[in-house]
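# Architecture and fold: a report
Spelled out, the chains give:
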Amino acid sequence: MKLYGDTSNGSEGEDGPRALLKRVLEVYKITTDTLSKISGIEEDVILGYLNGKNDFSELGNSHSKLNFDSLLFMLANGIQMIDESERVKGVIDILNQHWGISYETIALYAKLDTNDVQQFMKDPKSISIDKKYSLTVTSLFLHYLFKPTL
């Protein structure tokens, strides 16, 4: 049973924001409540947009719309387009470049050698699955710690 109306108004293609929103809701089972919590956009605004009743003009600026469109693209398509190792490499890059966390620090938390992290960044297949798992969990947890608090 759908909680929203038909969006097949022909005004956008299958890659348009409404189609992406519908894909996120139907294929990946993310609720409008969850999208509201993630994006900061009221659930009724999201539902109104989905049903073609608004165009997010309630947001007040194009930055919020752009962020929501990017979020929809990543949730609908982007995650599947990037393999798991590349996603972990991206997280490690953010830790290293944005937060200044060295490979050595990441390795220490993951109980690995710095060389293991460096090798993973060059070629994710170069380290064992056990090391990759430890590196992944550690990197994701560090990334989570450095995100702004909710």
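Everything numeric in this text was worked out from a predicted model, so none of it was measured.

### With respect to helix α2 (residues 32-39)
An α-helix turns once every 3.6 residues. As a result, residues three or four positions apart point the same way. Along α2, the residues that are buried comprise Thr-32, Leu-35 and Ser-36. Taken down its axis, α2 places every buried residue within 105° of arc, on the same side.

### Quick look at the nonpolar core
Ranked by size, the top nonpolar core spans 16 residues in total, and within it Leu-21, Val-24, Leu-35, Ile-46, Phe-68, Leu-72 and Leu-75 carry the most contacts. Within the residue set of this core, elements represented by two or more residues are α1 (17-26), α3 (43-50) and α4 (62-81). In terms of residues, this core owes the most to one element, α4, which gives five residues. If we ignore the near neighbours within four places in the chain, the residues touching Leu-21 are Leu-35, Ile-46, Tyr-49, Leu-50, Phe-68 and Leu-72. Of all hydrophobic cores here, the second largest spans 15 residues; its members include Ile-101, Ile-106, Ala-110 and Phe-120.

### Focus: a nonpolar patch on the surface
A cluster of nonpolar residues, Phe-73, Met-74, Ile-79, Met-81 and Ile-82, forms a patch on the protein surface that exposes about 430 Å² of accessible area. The topology assignment puts Met-81 in helix α4. Given the relative accessible area of 59%, Met-81 is considered exposed.

### Observations regarding the packing of helix α6 (residues 103-110) against helix α8 (residues 129-146)
Axis separation between α6 and α8 bottoms out at 9 Å; the angle between their running directions is 110°. As summarised for this structure, α6 and α8 are arranged roughly perpendicular, according to the angle between their axes. The crossing of α6 and α8 is right-handed. Along the contact surface, α6 presents Ile-106, Tyr-109 and Ala-110, while α8 presents Ser-134, Leu-135, Thr-138, Ser-139 and Leu-142. Class assignment of the residues belonging to the contact of α6 with α8 gives a composition of five nonpolar, three polar and no charged.

### Quick look at the pattern of salt bridges
For the coordinates displayed, the defined rule picks out four salt bridges. The partner of Arg-87 in a salt bridge is Glu-84, with the nearest N and O atoms 4.0 Å apart. Here the residue Arg-87 and the residue Glu-84 both occupy positions in helix α5 (residues 84-98), the gap between them amounting to three residues, near one helical turn. For Arg-87, a relative accessible area of 33% corresponds to the partly exposed category. Under the relative-accessibility criterion, Glu-84 is labelled exposed at 55%. Among the salt bridges present, the one from Glu-86 reaches Lys-89, with a minimum N-O distance of 3.6 Å. Placement of both Glu-86 and Lys-89 in helix α5 is noted, with a separation of three residues, approximately one turn of the helix.

The rules behind these values
- Residues numbered from 1 in each chain as written.
- Predicted model: local features only at pLDDT ≥ 70, side-chain atom pairs only at ≥ 80, totals over all residues.
- Heavy atoms only, no water.
- Buried < 20%, exposed > 50% of the residue type's maximum accessible area, 1.4 Å probe, protein only.
- Helix = DSSP H or I, 4+ residues; strand = E, 2+ residues; numbered from the N terminus.
- Arc of directions from axis to C-beta.
- Core = buried A, V, L, I, M, F, W, Y, C linked by side-chain atoms within 4.5 Å.
- Contact = heavy atoms within 4.5 Å.
- Patch = residues over 30% accessible without salt bridge, like charges linked within 9 Å, V, L, I, M, F, W, Y side chains within 5 Å.
- Areas by Shrake-Rupley, 256 points an atom, 1.4 Å probe, with all protein chains shown as cover.
- Salt bridge = Lys/Arg side-chain N within 4 Å of Asp/Glu carboxyl O.
- Axes fitted to C-alpha atoms, helices over the stretch in contact; angles between N-to-C directions.
- Parallel < 35°, antiparallel > 145°, perpendicular 65-115°, else oblique.
- Left-handed = near helix turned anticlockwise from the far one by under 90°.
- Nonpolar A, V, L, I, M, F, W, Y, C, P; charged D, E, K, R; others polar.

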